[in-house]
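Now for the letters of each chain:
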Amino acid sequence: LVDDQQANFQSDRGVKVARYAKVSRYNAHYHDLGFIKDMGGIGAHDDNDFSLLREFVEQPWTCCEVIKCRCVEMPSGRTEDHLPVRIVAFDFDETLTMATFMPDDQQFKTDIAWEPSDESISGWKRTELIKYNFESPFVRGRRLQKLQKTLAKMRAASEGEPQKMLVVLTERPGEAVSIANMLKLAKLDNFFSAVW
């Protein structure tokens, strides 16, 4: 599980996720939107997050606690077996995105066949939605391109192993279609097998 919320790494009954990557959260002045609280995002402040996450998916048993994007394999009865990762589940809000801005557009929210265009979406330009959801003013280069490259490498099959399945989990009730459409807008949709 890749998420920015520590509470999501265990259930209400105390069952813990054995392998997880904790994405850092922070408050900051963001682009031209002013001060925003509780932002996140893989690679938002450090490009090393991308390679750390890829390494974790390839060999989670080598990860111990770190300060940036924190990847952990919790001790279990099977830790020594070095079981390969088959599914990587990402949170959407402030994990894939840095901050989440969704257009208030009925078709965007409900039509899985929606296609991006150059037209405004509920007052948002496509470039604004990409900039405010995915691009970091805190690191050099385009965060979205780095995220695309990281997801492609994570999903790829490694020696003797099948391709990994990447999925998105969300706590947003009824928002799977809008998240899928935001992923489509950012050209991230082809990396994911499902949005739940």
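Here, every reference points to the structure presented above.
Residues numbered from 1 in each chain as written. Predicted model: local features only at pLDDT ≥ 70, side-chain atom pairs only at ≥ 80, totals over all residues. Heavy atoms only, no water.

Caption draft 1: Inspection of the overall build of the protein chain at higher detail. If you tally the helices and strands in the protein chain, you get 6 helices and 8 strands. Here the protein chain has a C-alpha radius of gyration of 17 Å; the compact-globule value for 196 residues is 16 Å, and the two agree. For the protein chain, the spread of C-alpha atoms along the three principal axes comes to 55 × 35 × 35 Å. Going through the 196 residues of the protein chain one by one, you find that 44% of them count as buried. For the protein chain, long-range pairs separated by at least 24 residues make up 64% of all intrachain contacts whose partners lie at least 6 apart in sequence. Computed over 26 positive and 30 negative side-chain charges, the separation of the two mean positions in the protein chain equals 3 Å. (Helix = DSSP H or I, 4+ residues; strand = E, 2+ residues; numbered from the N terminus. Rg over C-alpha atoms; globule rule 2.2 N^0.38 Å. Buried < 20%, exposed > 50% of the residue type's maximum accessible area, 1.4 Å probe, protein only. Contact = heavy atoms within 4.5 Å. Lys, Arg positive; Asp, Glu negative; His and termini not counted. Charge placed at Lys NZ, Arg CZ, Asp CG, Glu CD.)

Caption draft 2: How the structure looks around unusual backbone geometry. In this structure, D38 is a non-glycine residue whose phi angle is positive, near 55°. Its location among the elements puts D38 in strand β4 (residues 35–39). One non-glycine residue with positive phi stands out, namely S122, at about 50°. Along the chain, S122 turns up in the loop between α3 (106–110) and α4 (126–134).

Caption draft 3: A look at the nonpolar core. Counting 33 residues, the largest nonpolar core has F90, L188 and F192 as its most contacted members. Secondary-structure elements contributing two or more residues to this core are α1 (48–58), β6 (87–91), α2 (92–96), α4, α5 (143–155), β7 (165–169) and α6 (176–185). Residue contacts for F90: discarding those within four places in its chain leaves V2, I42, L53, L96, L151, M154, L166, V167, V168, L169 and F192. Counting 9 residues, the second largest nonpolar core, distinct from the first, contains Y26, A28, M39 and A99. (Core = buried A, V, L, I, M, F, W, Y, C linked by side-chain atoms within 4.5 Å.)

Caption draft 4: Representation of the packing of α1 against α5 in the model. Where α1 meets α5, the closest approach of the two axes is 10 Å, and the angle between their N-to-C directions is 10°. Judged by the angle between their axes, α1 and α5 are roughly parallel. In the crossing of α1 with α5, the sense of the turn from one axis to the other is right-handed. For the pair α1 and α5, contact is made by F50, L53, R54 and V57 and by R143, K146, L147, T150, K153 and M154, respectively. Tallied by class, residues from the contact of α1 with α5 come to 5 nonpolar, 1 polar and 4 charged. (Axes fitted to C-alpha atoms, helices over the stretch in contact; angles between N-to-C directions. Parallel < 35°, antiparallel > 145°, perpendicular 65-115°, else oblique. Left-handed = near helix turned anticlockwise from the far one by under 90°. Nonpolar A, V, L, I, M, F, W, Y, C, P; charged D, E, K, R; others polar.)

Caption draft 5: Local environment of the side chain of D46. Among the structural elements, D46 can be located in the loop between β4 and α1. Taking the relative accessible area as the measure of exposure, D46 reaches 14% and is therefore buried. Side-chain polar atoms of D46 contact the backbone nitrogen of N48, separated by 2.8 Å. (Polar contact = N/O pair within 3.5 Å; in protein donor to acceptor, adjacent residues only side chain to side chain.)

Caption draft 6: Region of the structure containing the environment of G41. Checked against the element boundaries, G41 lands in the loop between β4 and α1. The residues touching G41, leaving out its near neighbours within four places in the chain, are V23, S24, E94, T95, T97, M98 and R143.

Caption draft 7: Summary view of α4. The set of residues buried in α4 consists of L129, I130, Y132, N133 and F134. Those residues of α4 that are buried lie in contact with α2, α5 and α6.

Caption draft 8: Fine view of the environment of D118. On the secondary structure map, D118 appears in the loop between α3 and α4. Residues D118 and G41, spaced 77 residues apart in sequence, show a C-alpha to C-alpha distance of 26 Å.

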